[in-house]
Amino acid sequence: MKNLKLVVMDNITNLGIEVNEELKVLNQTKQDYILKVNADRFNNGEGKVRLEEMVNDKDLYILSDIGNYGISYFMHGREHSMSPDDHFADIKRVIAATSGHARKVNVIMPLLYQSRQHKRKVNESLDCAIALQELEKMGVDHIITFDAHDPSICNAIPRLPFENFYPTHCILEELIRRESIQDILVISPDMGAMERARYYADMLGSDVGVFYKRRDLSKVVCGKNPIVEHMYIGANPKDKDVIVVDDMIASGESILDVAFNRNNNSSVNCYC
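So, how was this worked out
- Residues numbered from 1 in each chain as written.
- Predicted model: local features only at pLDDT ≥ 70, side-chain atom pairs only at ≥ 80, totals over all residues.
- Heavy atoms only, no water.
- Helix = DSSP H or I, 4+ residues; strand = E, 2+ residues; numbered from the N terminus.
- Buried < 20%, exposed > 50% of the residue type's maximum accessible area, 1.4 Å probe, protein only.
- Contact = heavy atoms within 4.5 Å.
- Polar contact = N/O pair within 3.5 Å; in protein donor to acceptor, adjacent residues only side chain to side chain.
- Phe/Tyr/Trp six-rings, centres within 6.5 Å; stacked < 30°, edge-to-face > 60°.
- Lys NZ or Arg CZ within 6 Å of the ring centre and 35° of its normal.
- Pairing = 2+ DSSP bridges.
- Axes fitted to C-alpha atoms, helices over the stretch in contact; angles between N-to-C directions.
- Arc of directions from axis to C-beta.

Draft legend 1. Focus on the overall build of the protein. Looking only at helices and strands, the protein has six helices and 14 strands in total. The dimensions of the protein, computed from C-alpha atoms along their principal axes, are 60 × 50 × 40 Å. Counting all 272 residues of the protein, 38% fall into the buried class. Considering only contacts within the protein whose residues lie at least 6 apart along the sequence, 57% involve residues at least 24 apart.

Draft legend 2. Fine view of the environment of T145. Position of T145 relative to the elements: it lies in strand β8 (residues 142-146). With relative accessibility at 0%, the residue T145 sits in the buried group. If we skip the residues at most four places from it in the chain, T145 touches M109, P110, L111, L112, F162, E163, N164 and F165. From its side chain, T145 meets the backbone oxygen of P110 in a polar contact 3.5 Å long.

Draft legend 3. Inspection of the packing of aromatic side chains at higher detail. For the structure on display, the rule yields four aromatic pairs. Measuring from centroid to centroid gives 6.5 Å for Y199 and Y200, while their planes differ by 90 degrees, and the two rings are edge-to-face. The class of Y200 is buried, set by a relative accessible area of 7%. Ring centres of F211 and Y232 lie 5.3 Å apart, and the angle between their planes is 50 degrees; on these two criteria the pair is classed as tilted. Of this pair, F211 sits in strand β11 (residues 207-215) while Y232 sits in strand β12 (residues 227-233), placing them 21 residues apart in sequence. The ring of Y73 carries the charged tip of R41 above its face, separated from the ring centre by 4.5 Å.

Draft legend 4. Broad picture of the pairing of strand β6 (residues 78-81). Summarising the sheet, strand β5 (residues 72-75) and β6 pair through four bridges and their orientation is antiparallel. Bridge pairing links F74 to E79 in β6. Linking β5 back to β6 in an antiparallel pair, the connection comprises two residues, with H76 at a positive phi of about 55 degrees.

Draft legend 5. Geometry of the sheet that holds strand β4 (residues 59-63). Read from one edge to the other, the open sheet built from five strands follows the order β1-β4-β7-β8-β9, with strand pairing classed as parallel. Of all the strands in the sheet, the pair left with one neighbour each is β1 (4-8) and β9 (162-165). On average, each strand axis in the sheet is inclined to that of its neighbour by 15 degrees, with strand direction left out of account. For β1 and β4, the ladder comprises five bridges, and the chain directions are parallel. What sits directly across from V8, in β4, is L63. The sheet contacts of helix α2 (residues 84-97) involve β1, β4 and β7 (104-109), and relative to β7 the element is tilted by about 165 degrees.

Draft legend 6. Focus on helix α3 (residues 127-137). Within α3, the full set of buried residues consists of C128, A129, A131, L132 and L135. With its buried residues spanning 165 degrees around the axis, α3 presents them on a single face. Check the buried side of α3 and you find it contacts α2, β7, β8 and β9.

Draft legend 7. Spotlight on the environment of S125. In this structure, S125 sits in the loop between β7 and α3. Residues S125 and K5 lie 120 residues apart in sequence; the distance between their C-alpha atoms is 34 Å. The contact partners of S125, leaving out residues within four places of it in the chain, are Q117 and R120. Within the structure, the side chain of S125 is placed 2.4 Å from the side chain of D127, a separation counted as a polar contact.

Draft legend 8. Highlighting helix α4 (residues 168-177). If you check which residues of α4 are buried, you get T168, L172 and L175. End-on view of α4: buried residues confined to an arc of 60 degrees, all on one side of the axis. Opposite the buried face of α4, at more than 90 degrees from it, the exposed residues are H169, C170 and R177. Close packing links the buried residues of α4 with α5 (194-204) and β13 (241-244).

In structure tokens, the structure reads:
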């Protein structure tokens, strides 16, 4: 374990500190495992990464939350929030800064980069697969993520270890532990999350419902077909503790729509 080093990006500092403290307790040492990294930006928005320690024969674990939009930088005098593209570029900069001297490079992304674009229709880009293959070509030895939007994306890198951990068990334990949650109804906010909602319902021994989103396929607004009707299908939620299960949340609009519609009945409690 003495050769293990954590590269904690600015977007995941709190988790990196917790992992570092757990490693110190596990190995009964006061030695810090976090490797110092400087990520700088030029005025035109381009960036660079500098490692403050030698990484020869080290096992590196790069931790990055590519969905953290709370990190910002200045470009041409204006403040910009870092996008997933910016965060992913910094991961590649860290890998490039090792100059191939690290013994192993492991990338931990709790939110898998471009996991929304894991499949394509005609003339669309296949960004998630391309990103994973890019990491493989750069010499990454292991990729770790949590609850990927579609775990079959690992087929894009069949020779590279790809670990997709599910937090479902921990979530179910917490729900069961809450004595206040009794008469349960699990609801999926759309058809895409129905399989996941079914699993929760099976584990909790409850009924399941779903919202059907009818979209206007003749229009595209912000990359999506606008919803023209939001219709609920399933058991009556009256006097139920409703658990809303989605597969991915960005703006939270679907979750809020479901909570608003269900909470129109004062006897309904929503847990999202």
